[in-house]
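# Summary of the model geometry
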Amino acid sequence: MGDLFSNLGLGFSIALTFQNLGLAFLGCLVGTLIGVLPGVGPIATIAMLLPITFGLEPVGALIMLAGIYYGAQYGGSTTAILVNIPGEATSVVTTLDGHQMARQGRAGVALGIAAIGSFFAGTVATIVIAGLGAPLTRLALIFGPAEYFSLMVMGLVFAVVLARGSILKAVAMILLGILLSTVGTDLETGEERMTFGLAFLSDGIDFAVLAMGIFGIAEILRNLDHTETRDVVRQAIGRLLPSKEDFKQSIAPVLRGTAIGASLGILPGNGAVLGPFAAYTVEKKLAKDPRRFGRGAIEGVAGPESANNAGAQTSFIPLLTLGIPPNAVMALMVGAMTIHGIIPGPQVMTKNPDLFWGMIASMWVGNLMLLIINLPLVGLWVRLLKVPYRLLFPAILMFCCIGIYSINSLPTDVMFIGFFGLVGYALIKLGFEPAPLLLGFVLGKLMEENLRRALIISRGEMTTFIDRPVSAGLLAVALILLVVALLPSIRKGRDEVFVE
Amino acid sequence: MSSPPDRPEAPDRAGPIRGQQSLFGGLALVALAALAFYLTRDLTQGTLRAMGPAMLPRWLAVAVGLCGLALAAVGLTKHGDRIERSGLRGPVLVVLGILAFAVTIRPFSFAGINTPGLGLIVAGPLAIVIGGYATPEARLRDLLVLAFILTAVCMVLFGDLLNLPIPVFPQALTGLFPADWSQKAVLRATAAILAAVGVGLLLATRRRGPAPADVADHSGRV
């Protein structure tokens, strides 16, 4: 326990320096600014804003990036409440009751409770990360390649179970993602694989390029298909501070949402995405009068928003302790860390304690910033949301181009976001979800590396994965999950959760 | 993703294709798997003990292909979603805008064609104006104003404040300014001129009487 406080103390001594506070502030501000734009989720936002952190030193850069991430998350919720357009999967649930509240002239209260709930959830999640960081890092040290491989298999199975729609399609997307990750020079033999002999493919496909194409450009193309019917709330925003009554109604949902989100967020395989759905379902089940849900129940905003933020933060745990990015946003963080010469994993905490604890402390600071800067700026966000899409999307397009060009200074990268944009658009048209593809891509390289290493150690015996107890346990969990997800009765329930 | 929940559409025509999305999705996967197989044809497979570069991609290609076949089979047997129709305008113009940015931002040569490096000052407005026409609601004047002002802001933000290594203007431009001006000074001056042109355009076109009725129509529907 004493360790925890001295570590957090070290963290705050770094996060609270004038410069780092400024960076956290700036990160939250620009993150929200871009994240608020309809159709721009956290992934596209971070990919776009990644270059602005290049000139900073590592600690400052990561603090700013974390700020951008929280800002983008909160911006997405703002859009969900005010315009009924979820920026990404996790804020889908917020549209249900949040937008209804806005229509009843209670947009301010919805935004307020979302911010306060998120702040509380963020505070708890910060403590969870600080508490779990050290023990999990020790756990990571006993992990060999076989365990890592099995853990990632489990993560991918999770992603399949959590994906919406057909399980077969989700599996196909994950496999395709791993296949894409094998493009480029083979690390062990140095031979080029599937590069068409093109020089710029020999380093493999850049993750930021793939993510920006599939999530940024494809989203623009998808939005262009539909004539725009954005219904920005015309009602007054109303008071921002929830009343005593509102608080009373929201306290329990915030607590439950935080617990649900924080525990799901730790799971590898994008468990965080399930948090808001689970929290909403729980609140609806527990409510005395479930019919209020979907008609502006404050619990329907407080619970999911807390879960969302708690999960967003605890999903740093697999990255910081095991070095495995659990979702696409964290994969971008890996990219950012690598640019600054930091390889995420258990060694970060021991080798760079300043960075590790400073970043954790800055998470809390970032949450506080969101609370302070967002509520007064709501008016600005509303105005931004009223800009018609025909002017918004060309601007988004140019930001994407500049952002991706500045990462590697390669015009081919810019062309490839166009190409992957078309690919992503085709996927959407064919009913495939792009998120599992990205996760497969993220974990693909790590998986291949660990698979090969494990097999070299075991001299080609595949049984190594079930002989080692930890690895066998992880694979068993994966198998059980998959079977359970395929059971007809559970499948029905799963579909219902996502339809709600 | 923010796609709306799938709703199965009523099967309107009986035919061999029942689930269009599934069938074509499955076939696309099979095609990709075949492509991966073809591309890894010259690489060694290796053994489990010492995996060659081709082993994992080939296994994955087989798995993707099998998923594709299964999906195609589903498309032939079960009713499912049809593929939504879409115009070519959006994708073509957005991609053209991106390509225009890519080939003008810095000198680029491909297949014997060389482009001079024109920098952000040309690439930015090109991306905005060409890409902007992806929607039928596009209007040149608005796009030009947006392009000039936004590019000026980006030049100052990325080139001046953040010092990103992004080419901002063609080298030839420096010749137009007094020789003792620094790169930064030229950057600020050009950005200011660009912004002024944008604002001027905005004001000049606004003064020409009230805006046509359709303006209110479009912006009123936000």
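A quick note: this is a predicted structure, and the numbers were derived from the prediction, not measured. (Residues numbered from 1 in each chain as written. Chains lettered and ligands numbered in written order. Predicted model: local features only at pLDDT ≥ 70, side-chain atom pairs only at ≥ 80, totals over all residues.)

Within chain B one finds seven helices and two strands. Residue pairs at least 24 apart in sequence account for 69% of intrachain contacts in chain B once pairs closer than 6 positions are excluded. (Helix = DSSP H or I, 4+ residues; strand = E, 2+ residues; numbered from the N terminus. Contact = placed C-beta atoms within 7 Å.)

Next up on the list: the overall build of chain A. Helices and strands together make up the secondary structure of chain A, namely 21 helices and two strands. For 500 residues, the compact-globule estimate of 2.2 N^0.38 gives 23 Å, and chain A sits close to it at 22 Å. In terms of principal-axis extent, the alpha carbons of chain A reach across some 65 × 55 × 50 Å. Expressed as a percentage of the 500 residues in chain A, the buried residues total 62%. For chain A, the share of sequence-separated contacts (at least 6 apart) that also reach a separation of at least 24 residues comes to 80%. (Rg over C-alpha atoms; globule rule 2.2 N^0.38 Å. Buried ≥ 20, exposed ≤ 12 C-beta atoms within 10 Å, placed from the backbone.)

We now examine unusual backbone geometry. A negative phi angle characterises most non-glycine residues, just as the trans form characterises most peptide bonds. Not every positive phi belongs to a glycine, and Ser409(A) is a case in point at roughly 55 degrees. A tally of 13 C-beta atoms within 10 Å means that Ser409(A) is categorised as partly exposed.

Time to look at the packing of helix H3 (residues 42-49) of chain A against helix H13 (residues 328-339) of chain A. Residues and elements named next belong to chain A. In the contact formed by H3 and H13, the axes pass within 9 Å of each other and the chain directions differ by 15 degrees. The angle between H3 and H13 places the two elements in the roughly parallel class. H13 is crossed by H3, and the crossing has left-handed handedness. Counted together, Pro42, Ile43, Ile46 and Ala47 of H3 and Ala328, Val329 and Leu332 of H13 form the full contact between these two elements. Class assignment of the residues belonging to the contact of H3 with H13 gives a composition of seven nonpolar, no polar and no charged. (Axes fitted to C-alpha atoms, helices over the stretch in contact; angles between N-to-C directions. Parallel < 35°, antiparallel > 145°, perpendicular 65-115°, else oblique. Left-handed = near helix turned anticlockwise from the far one by under 90°. Nonpolar A, V, L, I, M, F, W, Y, C, P; charged D, E, K, R; others polar.)

Okay, the confidence of the model for chain B next. All names here are of chain B. Confidence in the prediction for chain B averages 78 pLDDT; 84% of positions are at 70 or higher. A low-confidence stretch, residues 1-14 stays under pLDDT 50, and its non-local contacts, those more than four residues away or across chains, total 20 contacts. Low pLDDT, under 50, characterises residues 209-222; the predicted model gives this stretch seven contacts beyond four residues in sequence or across chains. The ipTM value of the predicted complex is 0.83, and its pTM value is 0.84. (pLDDT = per-residue confidence, 0-100.)

Here the focus is the confidence of the model for chain A. On average, residues of chain A score 83 in pLDDT, and 94% of them reach the 70 mark or higher. Ranking the elements of chain A by mean pLDDT puts helix H21 (residues 488-499) of chain A last with 56 and helix H17 (residues 411-429) of chain A first with 90.

The next point concerns the packing of H3(A) against helix H8 (residues 207-225) of chain A. Residue and element names in this part refer to chain A. One way to put it is that H3 packs onto H8 with a least axis distance of 9 Å and a crossing angle of 135 degrees. Regarding the angle of H3 to H8, the classification is oblique. Crossing of H3 against H8: the hand is left-handed. Taking contact as the criterion, the partners of Ile43, Ala44 and Ala47 in H3 are, on H8, Ala208, Ala211, Met212, Phe215 and Gly216. Here the residues of the contact of H3 with H8 sort into seven nonpolar, one polar and no charged.

On to the interface of chain B and chain A. With 71 residues of chain B at the contact, the number on the chain A side is 68 residues. Those elements that place two or more of their residues in the side of chain B that touches chain A are helix H1 (20-39), helix H2 (55-77), helix H3 (89-105), helix H4 (120-132), helix H5 (140-161) and helix H7 (213-219) of chain B. Here the side of chain B that touches chain A takes 11 residues from H3(B), the largest share from any one element. The residue makeup of the side of chain B that touches chain A, split by class, is 46 nonpolar, 18 polar and seven charged.

It is worth spelling out H4(B) at this point. For an α-helix, 3.6 residues make a turn, and residues three or four places apart therefore share a direction. All names here are of chain B. Helix length check: H4, at 13 residues, gives a terminal C-alpha distance of 17 Å against a target of 18 Å (1.5 Å per residue), a fit within 8%. With respect to burial, H4 is a largely interior element, 11 of its 13 residues being buried. Considered for burial, the residues of H4 that qualify are Leu120, Ile121, Ala123, Gly124, Pro125, Leu126, Ala127, Ile128, Ile130, Gly131 and Gly132. (Expected span 1.5 Å × (residues − 1).)

Quick look at the nonpolar core now. Within the largest apolar cluster, 240 residues are counted, with the highest numbers of intra-cluster contacts made by Ile46(A), Ile174(A), Ala211(A), Met212(A), Leu332(A), Cys401(A) and Ala127(B). Here this core takes 22 residues from helix H5 (residues 92-141) of chain A, the largest share from any one element. If sequence neighbours within four positions are ignored, Met212(A) has contacts with Ala44(A), Ala47(A), Ile217(A), Cys400(A), Ile404(A) and Ile417(A). (Core = buried A, V, L, I, M, F, W, Y, C linked by C-beta atoms within 7 Å.)

Moving on: the environment of Phe441(A). All names here are of chain A. Here Phe441 shows up in helix H18 (residues 434-457). Taking the C-beta count within 10 Å as the criterion, Phe441 has 27 such neighbours and is therefore assigned buried. C-alpha of Phe441 to C-alpha of Thr182: the two residues are 259 residues apart in sequence and 8.6 Å apart in space. What Phe441 contacts, discounting residues up to four positions off in sequence, is Gly177, Leu180, Ser181, Phe207 and Leu210.

Turning our eyes to something else, we now look at the environment of Gly117(B). All names here are of chain B. Within the secondary structure layout, Gly117 lies in the loop between strand S2 (113-115) and H4. Residue class for Gly117 comes out partly exposed when judged on the 17 C-beta atoms lying within 10 Å of it. It is 37 Å that separates the C-alpha atoms of Gly117 and Tyr38, two residues lying 79 residues apart in sequence. If we skip the residues at most four places from it in the chain, Gly117 touches Arg106, Pro107, Pro167 and Pro170.

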